[in-house]
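Here is how the chains run, residue by residue.
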Amino acid sequence: MTKMTDIKSAQALPLNTILSGDCIDIMRSLPENSVDLIFADPPYNLQLKGQLHRPDNSRVDAVDDHWDQFSSFGAYDEFTREWLSAARRLLKPNGAIWVIGSYHNIFRVGSALQDAGYWILNDVVWRKSNPMPNFRGKRFTNAHETMIWASKSEGAKYTFNYEALKSLNEGIQMRSDWVLPICNGGERLKDANGDKAHPTQKPESLLHRVLVGSTNPGDVVLDPFFGTGTTGAVAKMLGRDWIGIEREAAYREVAEKRIANIRKFDKAALEVTRAKRAEPRVPFGQLVERGMLRPGETLVSPSGKSAKVRADGTLVGLDVKGSIHQVGAHLEGAPSCNGWTYWHFKKDGKTVPIDVLRQQIRAEMEDRPN
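Residues numbered from 1 in each chain as written. Predicted model: local features only at pLDDT ≥ 70, side-chain atom pairs only at ≥ 80, totals over all residues. Heavy atoms only, no water.

Counting buried positions along strand 4 (residues 91–101) yields eight of 11 residues, so the element is predominantly enclosed. Bridging between strand 3 (residues 35–40) and strand 4 involves five bridges; their strand directions are parallel. Bridge assignment links Ile38 to a residue of strand 4, and that residue is Ile97. Pairing between strand 4 and strand 6 (residues 144–151): six bridges, direction antiparallel. If you follow Trp98 over to strand 6, its bridge partner there is Trp149. (Buried < 20%, exposed > 50% of the residue type's maximum accessible area, 1.4 Å probe, protein only. Helix = DSSP H or I, 4+ residues; strand = E, 2+ residues; numbered from the N terminus. Pairing = 2+ DSSP bridges.)

Quick look at the structure:
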């Protein structure tokens, strides 16, 4: 059940909770080095002058709320420096931050990030597949927003699930320009009057990509400008803990109802593709020690080559002995060989790659309690 509280009860890390109040004050009250990722969608300081109308003279529901209004660039810069400083204090040493903005504010935010000690990793362009038109016809259509992804400091070992993002992109390396639609249709939350519950609600697809790519299940994600709770909703679905900070009561109420109706995906669904180097190392000898393969057992290759397993986890053939990789490379006359996929054993009358046994051990290792 999602809980709402205020700053006075926020002394411990309040997981899966919407905190009511000013984000700077609340972040300063939370334990330092306690958060894995921050996703921030701060006020853009759009500086709108008067109302915006379409060619038919109908009024555009633009962002003219009081929370997006600042007296000057200096006032906005001071606000930005303060919340970024409070946010950096909360991040774990290997934590990271995403900040989204438009041309109105993102360049000022980027400078403040660097001044505060963050290390910029990427700027990611969210290119909107269905942007709002430019009604006045005096400028280009604003078809994108920019996100800055930064680690807490230079050299930090931040989380980056490269293989998972590659899988999301049909096996192609994920680029820094993301084509995703704006929030509309059934995803767009409405208030009791049928109007937009929030003028700048972000699509869940955007947060899905951010969280899959830069967090792991069980990580803590904080959103200091929570709005109607997109970050919390996606974090809950993906098995991440979350903390939201929002001073507007109307937004908190919408977020509360929204997140209460979210169902967390099961454990198997939360698993993502990982880089091979990130998987636990399993020596071939462990298969022998555990009796999964027996000394003297014959392994065969797809090309019909064979070798016998020895008690010390090496293989021996007619004129060669060594590791599963060395023996495979020698028999094939190749400079290298992946013995895990090259060698097969007999099971129920079929030949099965020995990698199946390695994956079985890895699955057991991942299921062990910490």
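So, on to helix 6 (residues 230–237). An α-helical turn contains 3.6 residues, so any two residues separated by three or four positions project in the same direction. Here helix 6 lies mainly inside the structure; seven of its eight residues are buried. Residues of helix 6 that are buried include every one of Thr230, Thr231, Gly232, Ala233, Val234, Ala235 and Met237, and no others. The elements touched by buried residues of helix 6 are strand 3, helix 5 (204–214), strand 8 (220–223), strand 9 (241–246), helix 7 (249–260) and helix 8 (267–270). Just downstream of helix 6 lies Gly239, where phi reads positive at about 75 degrees. (Contact = heavy atoms within 4.5 Å.)

So, about the nonpolar core. Membership of the largest hydrophobic core comes to 34 residues, with the highest contact counts inside it found for Trp98, Met147, Trp178, Leu206, Val210 and Leu211. When residues of this core are assigned to their parent elements, the largest contribution, five residues, is made by helix 5. Ignoring any residue separated from it by four or fewer positions in sequence, one finds Trp178 in contact with Trp98, Val124, Val125, Trp126, Arg127, Met147, Leu206, Arg209 and Val210. If you look at the next biggest cluster of nonpolar residues, it comprises 31 residues, including Cys23, Ala87, Ala112 and Ile245. (Core = buried A, V, L, I, M, F, W, Y, C linked by side-chain atoms within 4.5 Å.)

With that settled, the discussion passes to the pattern of salt bridges. For the structure shown, the criterion picks out 13 salt bridges. For the salt bridge of Glu82 with Arg28, the shortest nitrogen-to-oxygen distance reads 3.9 Å. Remark: Arg28 occurs in helix 1 (residues 23–29) and Glu82 occurs in helix 2 (residues 73–90); sequence separation between them is 54 residues. Arg28 sits in the partly exposed class, given a relative accessible area of 47%. Between Asp177 and Arg175 there is a salt bridge, and its shortest N-O distance comes to 2.8 Å. Under the relative-accessibility criterion, Asp177 is labelled partly exposed at 30%. Arg175 gets classed as exposed once you look at its relative accessible area, which sits at 57%. (Salt bridge = Lys/Arg side-chain N within 4 Å of Asp/Glu carboxyl O.)

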